[in-house]
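# Examination of the molecular architecture
So the chains spell out like this:
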Amino acid sequence: MAFDIKVTNPQLHANVVPHRIVPVRFARAVSGFADTDAPDIDDHGFVLPQDFCSALGPVVGVTQGKTIRVRVMRDRVDPTTSLFLSVDDASIAALDFPSPGDLLPNADVGDRKADCVYLTGTATGSSVQETKLKVHFGAADGPVLAEMAVRVYPELVVQVQAHAVTINGTASGTTIDIARQIFRRVNRIYSQAGVRFSLASNMMVETVNGFARAGTVTLDNSINDQDNTELQTVLRQNPVANRLNAYFFAHFFEIPDNVQDSVLGVAFSRDDARAHPAIPATGFPGCQAGITFRDNADVAQVSATVAHEIGHSLRLSHYAGRNGNAVREEIWAHRNLMFNFSSLSSTAARNNVGYGTHASGGTRRGQLFTTKKLQHIRQSDQIERLRTSVRNRTYAPI
């Protein structure tokens, strides 16, 4: 009996449901707070725009000279299946483990974790370079089961000055030692983008008086934060030129809701500062670029908040441009550092993004920056945008 086999495009037929079978895929190699050596990957969609890169799969970032690891997930193959890795251009990113031509072990080998590929950013020079990592079936030159783009970034360094602000006689509890802990964690997040923050050894002490509440910046929800006199007065306390200035104080208070410390931090770029100049007649000092935070005993939470607010000072909006409660609810939004809220409140499966919980028990949002240029997601190319802003020093005071 003869069979007439025809290949059809399921997307052209309303009654045909397309399925993509993925034998193996790539994933973050660890869980919990961001890890410099194990970045998250941008796996929005499958095929990347051809003007961006040619990899048919996700993208991962690595800083020049650094080594990262990514886990290979055996979704539709037996755990004992022979898998081999290759990199198209070892002068851009090289296999550190397993060695080229060697089998990918499905069990730990010394300090090398099972099913993890270790990559070193070997590229040099001032430009971003990209190559592809491929998973082969059965042999080093066997069929390709999956591939991932590897982007290697020249390191960009941002100089940071921390300020502890005393308001109406009440001092901030954030010390230089705490600030160091915070920025060490911030660097774990930004390493995926090739950006490092260098904190000054001293913490400048600032004093302001005449505010509505001791130790507190009061936010009036009826006006923009860019036009808030108390907030902008803090940001204008001895900002150091060409640095990211970070101001810490005891509390935020919101009116007319009369809620204390629901806000974790507020930040502004030079764009905000230039758009909201001083108004001498009213006593408004003018908006200033910089970042502000209230004291928080949960160092991990405040660190992620600092990293998020730095994103705003680098011209990043909330994920997909959503503000307030107008959040996107897909898992990519919840994995993203620029998601609107620091905690994921519901118990939906998409909230299990692998970044752990705050000290209060709330599920922590992710700390991923996206890379792919997607038309339906505003600022989907977050890493390119923030790196451009670092070069333009949008975080520095005017």
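See the structure above.
Described below are features of the structure shown in this document. What you are looking at is a predicted structure, and each value in this text was computed from that prediction instead of being measured.

### Quick notes on helix 6 (residues 382-392)
Listed as buried for helix 6 are Q382, I383, L386, R387, S389 and V390. Each buried residue of helix 6 lies within a common arc of 160° when the element is viewed along its axis, so the set occupies one face. The inward-facing, buried residues of helix 6 contact strand 8 (144-153), strand 9 (156-167), helix 1 (176-190) and strand 10 (195-208).

### Details of the sheet that holds strand 16 (residues 290-294)
If you walk across this open sheet you meet the five strands as 10-9-12-16-15, and the pairing is mixed. One side of each edge strand has no neighbouring strand; the edge strands of this open sheet are strand 10 and strand 15 (265-268). Recorded for the sheet is a direction-independent mean angle of 20° between the axes of neighbouring strands. Bridge analysis of strand 12 (residues 244-249) against strand 16 gives four bridges, and the strand direction is parallel.

### Some words on unusual backbone geometry
Following F97, the chain continues into P98 via a peptide bond in cis, with omega recorded as -10°. Residue position: P98 is located in the loop between strand 5 (93-97) and strand 6 (116-121). Cis geometry is found at the peptide bond from I255 to P256, where omega equals 5°. The topology assignment puts P256 in the loop between strand 13 (251-255) and strand 14 (259-260). Positive phi outside glycine occurs at N258, with the angle close to 55°. Relative to the helices and strands, N258 is located in the loop between strand 13 and strand 14.

### A look at the packing of helix 1 against helix 4 (residues 299-313)
Two numbers describe a pair of packed helices, the interaxial angle and the distance between the axes. Contact geometry for helix 1 and helix 4: axes closest at 8 Å, N-to-C directions at 55°. Looking at the two axes, helix 1 sits oblique to helix 4. Two packed elements cross with a definite hand, and for helix 1 against helix 4 that hand is right-handed. Contacts from Q181, I182, F183, R185, V186, I189 and Y190 of helix 1 reach helix 4 at V299, A300, V302, S303, A304, V306, A307, I310 and G311. In terms of residue class, the contact of helix 1 with helix 4 is made up of twelve nonpolar, three polar and one charged.

### Here's the deal with the pairing of strand 15
By the alternation rule, side chains of strand 15 split into G265 and A267 and V266 and F268, which are all buried. Taken together, the four bridges between strand 15 and strand 16 define a ladder with antiparallel strand orientation. If you follow V266 over to strand 16, its bridge partner there is T292.

### Quick word on the environment of H334
Residue placement: H334 occurs in helix 5 (residues 331-335). Relative accessible area serves as the criterion here: at 1%, H334 is assigned to the buried category. Residues H334 and R364, 30 residues apart in the sequence, show an inter-C-alpha distance of 8.9 Å. Aside from chain neighbours lying at most four places away, what touches H334 is R328, E329, F339, L344, R350, N351, V353, R365 and G366.

The rules behind the values
- Residues numbered from 1 in each chain as written.
- Predicted model: local features only at pLDDT ≥ 70, side-chain atom pairs only at ≥ 80, totals over all residues.
- Heavy atoms only, no water.
- Buried < 20%, exposed > 50% of the residue type's maximum accessible area, 1.4 Å probe, protein only.
- Helix = DSSP H or I, 4+ residues; strand = E, 2+ residues; numbered from the N terminus.
- Arc of directions from axis to C-beta.
- Contact = heavy atoms within 4.5 Å.
- Pairing = 2+ DSSP bridges.
- Axes fitted to C-alpha atoms, helices over the stretch in contact; angles between N-to-C directions.
- Parallel < 35°, antiparallel > 145°, perpendicular 65-115°, else oblique.
- Left-handed = near helix turned anticlockwise from the far one by under 90°.
- Nonpolar A, V, L, I, M, F, W, Y, C, P; charged D, E, K, R; others polar.

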